[in-house]
Amino acid sequence: MEKHEQIKQTENFVHNELTGEASGHDWWHIYRVTKLAKKMAVVEEADLFICEMAALLHDIADEKLNDSEEAGLKKVEDWLNEINVEEKDITHIMEIIASMSFKGGGQPPVRTLEGKVVQDADRLDALGAIGIARTFTFGGAKGNIIYDPSVKPREGMSKEEYQKRDNTAVNHFYEKLLKLKDLMNTSYGKQLAEARHHFMEQFLDHFYKEWEGER
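Let us look at the structure shown here. Per-chain numbering applies: the sequence of each chain, read as written, is numbered from 1 onward. pLDDT decides what is reported in this predicted model: residues at 70 or higher carry local features, side-chain atom pairs at 80 or more are listed and counted, and totals for whole chains, interfaces and linings draw on all residues regardless. Side-chain numbers come from the whole structure's heavy atoms, not from hydrogens or water.

Describing the nonpolar core
To form a nonpolar core, buried Ala, Val, Leu, Ile, Met, Phe, Trp, Tyr and Cys residues must be joined to one another through side-chain atoms within 4.5 Å. The buried label applies to any residue whose accessible area, calculated with a 1.4 Å probe on protein chains only, is under 20% of its type's maximum; exposed applies above 50%, and partly exposed to all values in between. In this structure, Val14, Met53, Leu57, Val76 and Leu80 are the most contacted members of the largest nonpolar core, which totals 54 residues. A run of H or I in DSSP counts as a helix once it spans at least four residues, and a run of E counts as a strand once it spans at least two, with each numbered from the N terminus. For this core, the secondary structure elements donating two or more residues are helix H1 (3-18), helix H2 (27-44), helix H3 (48-57), helix H4 (69-82), helix H5 (87-99), helix H6 (113-124), helix H9 (169-175) and helix H10 (187-211). If you tally residues by element for this core, the top one is H3, at eight residues. By definition in these notes, contact holds between two residues if any of their heavy atoms fall within 4.5 Å. Apart from residues no more than four positions distant in its own chain, Leu57 is found in contact with Thr10, Phe13, Val14, Val76, Trp79, Leu80 and Ile97.

Quick look at the packing of H2 against H3
How two helices pack is summed up by the angle between their axes together with the distance between the axes. One can describe the packing of H2 onto H3 by two numbers: an axis separation of 8 Å at closest approach and a directional angle of 165 degrees. When the axis of H2 is compared with that of H3, the two are roughly antiparallel. Regarding H2 and H3, the two cross each other, and that crossing is right-handed. Residues Trp27, Ile30, Val33, Thr34, Ala37, Lys38 and Ala41 of H2 form the contact with H3, whose participating residues are Leu48, Cys51, Glu52, Ala55 and Leu56. Think of it as three bins: nonpolar holds Ala, Val, Leu, Ile, Met, Phe, Trp, Tyr, Cys and Pro, charged holds Asp, Glu, Lys and Arg, and polar takes everything else, Gly as well. Partitioning the contact of H2 with H3 into residue classes produces nine nonpolar, one polar and two charged. Axis definition: a line fitted to C-alpha atoms, limited for helices to the stretch in contact. Angles are taken between N-to-C directions and run from 0 to 180 degrees. Angular relationships are summarised with four words: roughly parallel below 35 degrees, roughly antiparallel beyond 145, roughly perpendicular across 65 to 115, and oblique for the angles in between. Crossings are assigned a handedness: left-handed for a near helix turned anticlockwise from the far helix by less than a right angle, right-handed for a clockwise turn.

Things to note about the packing of aromatic side chains
In this analysis, rings of Phe, Tyr and Trp, with Trp reduced to its six-membered ring, are considered paired at centre separations within 6.5 Å, and the interplanar angle assigns stacked below 30 degrees, edge-to-face beyond 60, and tilted for intermediate values. Counted by the stated rule, this structure contains 11 aromatic pairs. Aromatic pair Phe136 and Phe203: ring centres 6.1 Å apart, planes at 65 degrees, arrangement edge-to-face. Here Phe136, found in helix H7 (residues 128-141), pairs with Phe203, found in helix H10; they are 67 residues apart in sequence, far enough to count as distant. An angle of 80 degrees between the planes, with centres 5.6 Å apart, marks the rings of Tyr147 and Phe207 as edge-to-face.

Considering the pattern of salt bridges
Salt bridges are identified by distance alone: a Lys or Arg side-chain nitrogen within 4 Å of an Asp or Glu carboxyl oxygen. For the structure on display, the rule yields 12 salt bridges. Here Asp89 makes a salt bridge to Lys88, at a shortest N to O gap of 3.3 Å. One salt bridge in this structure joins Glu175 and Arg154, with 3.0 Å as the shortest N-O distance. Pair noted here: Glu175 is in helix H9 and Arg154 is in the loop between H7 and helix H8 (159-164), with a separation of 21 residues, a long-range link. Given a relative accessible area of 2%, Glu175 falls into the buried group. Among the charged side chains, a network of salt bridges with common partners joins Lys3, Glu86, Lys88 and Asp89.

Here's the deal with H4
Between the first and last C-alpha of H4 there are 20 Å, a value that for 14 residues agrees with the 20 Å anticipated at 1.5 Å per step. Within H4 the residues assigned to the buried category are Glu69, Gly72, Leu73, Val76, Trp79 and Leu80. Projected down its long axis, H4 carries its buried residues within an arc of 120 degrees, all on one side. In H4, the exposed positions that point more than 90 degrees away from the buried face belong to Glu70 and Glu82. In the segment just after H4, Asn84 is the residue with positive phi, at about 65 degrees. Every helix has an expected span of 1.5 Å times one less than the residues it contains. This arc corresponds to the set of directions leading from the helix axis out to the C-beta atoms.

Some remarks on H2
Spanning 18 residues, H2 covers 25 Å between terminal C-alpha atoms, matching the ideal 26 Å at 1.5 Å per step. Of the positions making up H2, those classed as buried are Trp27, His29, Ile30, Val33, Thr34, Leu36, Ala37, Met40, Ala41 and Glu44. The inward-facing, buried residues of H2 contact H1, H3, H6, H7 and H10. Positive phi appears at Glu45, one or two residues downstream of H2, with a value of about 60 degrees.

Dropping the structure here:
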């Protein structure tokens, strides 16, 4: 099977799996991340096929959407084998997907240029206007309240503590989103993150003033 056909079939597979997912990890998240990853792959001179396939499949393996991380990764690997992706490409794609998640910070850096591109594209979709929208969508899906001034952001979380997500939506900005700008891997990713980060800071400034009835 030609690579363009493998990509087309993978798009259909992911679309069917994630359409209607209500936590912000839906098909349109994949669509945006894949578009960004392709654009960044060209700028950074990374392997376009690897970047596109890893971007398309990265949330199929997400443990938030599966019984476990292992089950999610197996689902991805089974799909890649089903459409006859070359073994070396499967190994590379699986490595990217297994290592790119935030998980509270402190994860080892991704190893390859393609991994850096896809991780940056995914993190960029957690920033800016889209990142703000996804934060409140995810918080609502998990039953979290918008904000409570008495509940402070957590620091130095373990993976398990981060995944509990029993916090406020606003605290998620401090526990993850505002840290992402300084975790970007690529020069293009850093450039895009700067503007999106600034937009979130402006939003939070407005939010607190409105919360206190100051504007």
